[in-house]
Amino acid sequence: MKKMTIAVDAMGGDNAPQAICEGAAQACAAFEDLEVVLTGDRERLLPLVEASPAAVRSRISIRHADEVIGMDEHPSAAIRRKRNSSLRVAMEMVRSGEAQSCVSAGNTGAIVAGGVLVVGRLPGIDRPALGAPLPTIERWTFLLDVGATVRCKPVNLYQFALMGSVYAERIMKVEAPEVRLLSNGTEEIKGDESVSGARELLSKSRLNFMGYTEGDDIAWGRSDVVVCDGFMGNVVLKFGEGLMYGAKSIISQEMGRRILPKVGMLFMIPMVKSLWSRFNYEKYGGTPLLGVKGVVIKAHGRSRAPAIKGAISAARRFIEEDGVGQIRAELDTGAGPQGESRGAQGQAEY
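Residues numbered from 1 in each chain as written. Predicted model: local features only at pLDDT ≥ 70, side-chain atom pairs only at ≥ 80, totals over all residues. Heavy atoms only, no water.

### A short note on the overall build of the protein chain
Then comes step 1: Tallying secondary structure elements over the protein chain gives 14 helices and eleven strands in all.
Then comes step 2: The proportion of buried residues among the 350 residues of the protein chain is 52%.
Then comes step 3: Considering only intrachain contacts with a sequence separation of at least 6, the fraction spanning at least 24 residues in the protein chain is 74%.
Then comes step 4: Total accessible area on the protein chain stands at roughly 16,300 Å², and carbon and sulfur atoms take up 53% of it. (Helix = DSSP H or I, 4+ residues; strand = E, 2+ residues; numbered from the N terminus. Buried < 20%, exposed > 50% of the residue type's maximum accessible area, 1.4 Å probe, protein only. Contact = heavy atoms within 4.5 Å. Areas by Shrake-Rupley, 256 points an atom, 1.4 Å probe, with all protein chains shown as cover.)

### Describing empty space enclosed by the protein
Then comes step 1: Counted according to the given criterion, the structure contains one cavity of 30 Å³ or more.
Then comes step 2: Quantified by volume, the largest cavity comes out at close to 40 Å³.
Then comes step 3: Forming the boundary of the largest cavity are Asp 9, Met 11, Gly 12, Val 68, Ile 69, Ser 86, Leu 87, Ser 104, Gly 106 and Asn 107.
Then comes step 4: By residue class, the composition of the lining of the largest cavity is four nonpolar, five polar and one charged. (1 Å grid on protein atoms, 1.4 Å probe; cavity = no way out; pocket = protein on both sides within 12 Å on 5 of 7 lines; lining within 4 Å. Points joined across faces, edges and corners; volume = space filled by probe spheres on them. Nonpolar A, V, L, I, M, F, W, Y, C, P; charged D, E, K, R; others polar.)

### So, the confidence of the model for the protein chain
Then comes step 1: Considering every residue of the protein chain, the mean pLDDT works out to 86; 84% of them sit at 70 or more.
Then comes step 2: In the model, residues 337-349 has pLDDT below 50 throughout and makes 30 contacts with residues more than four positions away in sequence or in other chains. (pLDDT = per-residue confidence, 0-100.)

### Points about the environment of Glu 321
Then comes step 1: Secondary-structure assignment places Glu 321 in the loop between helix H13 (305-320) and helix H14 (323-332).
Then comes step 2: Here the alpha-carbon distance between Glu 321 and Ile 171, two residues 150 residues apart in the chain, equals 6.6 Å.
Then comes step 3: With residues near it in sequence (within four places) discarded, Glu 321 still touches Arg 170, Ile 171, Lys 173 and Gln 326.
Then comes step 4: Among the polar contacts listed, one links the side chain of Glu 321 to the side chain of Lys 173, at a separation of 3.0 Å. (Polar contact = N/O pair within 3.5 Å; in protein donor to acceptor, adjacent residues only side chain to side chain.)

### As for the sheet that holds strand S7 (residues 179-182)
Then comes step 1: Spatial ordering of the open sheet is given by S3-S2-S1-S4-S11-S10-S5-S6-S9-S7-S8, a layout of eleven strands whose pairing is mixed. The sheet is open, and its two edges are formed by strand S3 (60-64) and strand S8 (209-213), each paired on a single side. Averaged over all pairs of adjacent strands, the angle between strand axes in this sheet comes to 25°, irrespective of strand direction.
Then comes step 2: Bridge count for strand S6 (residues 140-144) against strand S9 (residues 225-227) is three bridges, and the pairing is parallel. Bridge pairing in S9 links Phe 142 to Val 225.
Then comes step 3: The strands touched by H13 within the sheet are strand S1 (4-9), strand S2 (34-40), strand S4 (101-104), strand S10 (287-290) and strand S11 (295-298), with S1 carrying the most contacts at an inclination of about 140°. (Pairing = 2+ DSSP bridges. Axes fitted to C-alpha atoms, helices over the stretch in contact; angles between N-to-C directions.)

### As for the nonpolar core
Then comes step 1: Core analysis: the biggest nonpolar cluster contains 62 residues, and Leu 38, Leu 181, Val 227 and Ile 312 have the highest contact counts within it.
Then comes step 2: Sort the elements by how many residues they give to this core and helix H7 (residues 154-170) lands first, with nine residues.
Then comes step 3: The residues touching Ile 312, leaving out its near neighbours within four places in the chain, are Ile 6, Val 8, Gly 23, Ala 24, Ala 27, Leu 34 and Val 103.
Then comes step 4: Residues Ala 7, Ala 90, Val 94 and Leu 182 belong to the second largest nonpolar core, which totals 31 residues. (Core = buried A, V, L, I, M, F, W, Y, C linked by side-chain atoms within 4.5 Å.)

### Quick word on helix H5 (residues 86-96)
Because an α-helix completes one turn every 3.6 residues, residues spaced three or four positions apart along the sequence face the same direction.
Then comes step 1: With eight of eleven residues buried, H5 is to be regarded as a mostly interior element.
Then comes step 2: Within H5 the residues assigned to the buried category are Ser 86, Leu 87, Arg 88, Val 89, Ala 90, Met 91, Met 93 and Val 94.

### Side note on the pattern of salt bridges
Then comes step 1: This structure, assessed with the given rule, holds 13 salt bridges.
Then comes step 2: Residues Arg 95 and Glu 92 are paired through a salt bridge, measuring 2.8 Å at the closest nitrogen-oxygen approach. You can see Arg 95 and its partner Glu 92 sitting in helix H5, three residues apart, about one turn around the helix.
Then comes step 3: What you see here is one network of salt bridges that share partners, running through Arg 139, Glu 178, Arg 180 and Asp 224. (Salt bridge = Lys/Arg side-chain N within 4 Å of Asp/Glu carboxyl O.)

### So, unusual backbone geometry
Leaving glycine out, the prevailing phi sign among residues is negative, and the prevailing peptide bond configuration is trans.
Then comes step 1: With an omega dihedral of 0°, the bond running from Ala 16 to Pro 17 counts as a cis peptide bond.
Then comes step 2: Note the cis peptide between Leu 144 and Asp 145, where omega equals 10°.
Then comes step 3: Tracing the backbone shows Asp 145 in the loop between S6 and H7.

Here is the structure:
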């Protein structure tokens, strides 16, 4: 059995390091081919590792890192300055080949900056994108970018679409994934200069491009891949997450005010649990940072142990399917719609 090593930033996230260590142990218990290296303060991590089940303890090790990048720090400055931070050490392991992936629930901007500055961009990709698989009514929809690149040129959106299509096909197992651009209407005259420019590029590409989609179409799952800039994508993602939790809270409040609904709810509990499980982010792990030379997975900042296990599982699946290699191979066929290389355009600033 070929072993797979994943470096996990044990100090990143609201519930670090305990939840991170527990999630790593759960992932090792689920996958016998997995080895996890926790990066962070050895004195804090060692008791947590020793508390792990004996069956997995031998596959969890610690790489000491005495610095932590906080959630409120400037991303690129922190990743440059704190060379012994838990996040940077984990990414250095990916760059050197010691680990096949890095997983972190820490500062999103620092993860993106580290992916570019430490792991490195793929040739032909100007800016990276964070992608989020969303459970919708009809099917899963892969939304990108959700926060890596706020301002985009048409070529950036084109490259996001290409990477999203590869991810949907190879990782999500969607045949000929349908790709759409998020806009303020489905008519061709809609969209700003960046979106309309990307539409022209995608219309000439080999991708299964289906035009524009609107925000209300996302929940219905009418696209396999939805492409937008990181500002818009992050707003959509956070709004959907807040709406889900808000709806759950409203239902609980209404149930508490009435007797008959409480009785009826007893019969609905299995359905409600199933519904909540379907939309619970902890079950599905983190979001991949696409466009870099290694597998980098961003877990939710509030991740508890099950979510960390899910993020590690997502990293393992990406490695198994050679997701980075698949994106690289697609780029090698010609990054632009007519086959021209676009790697020199719109360099990222990190």
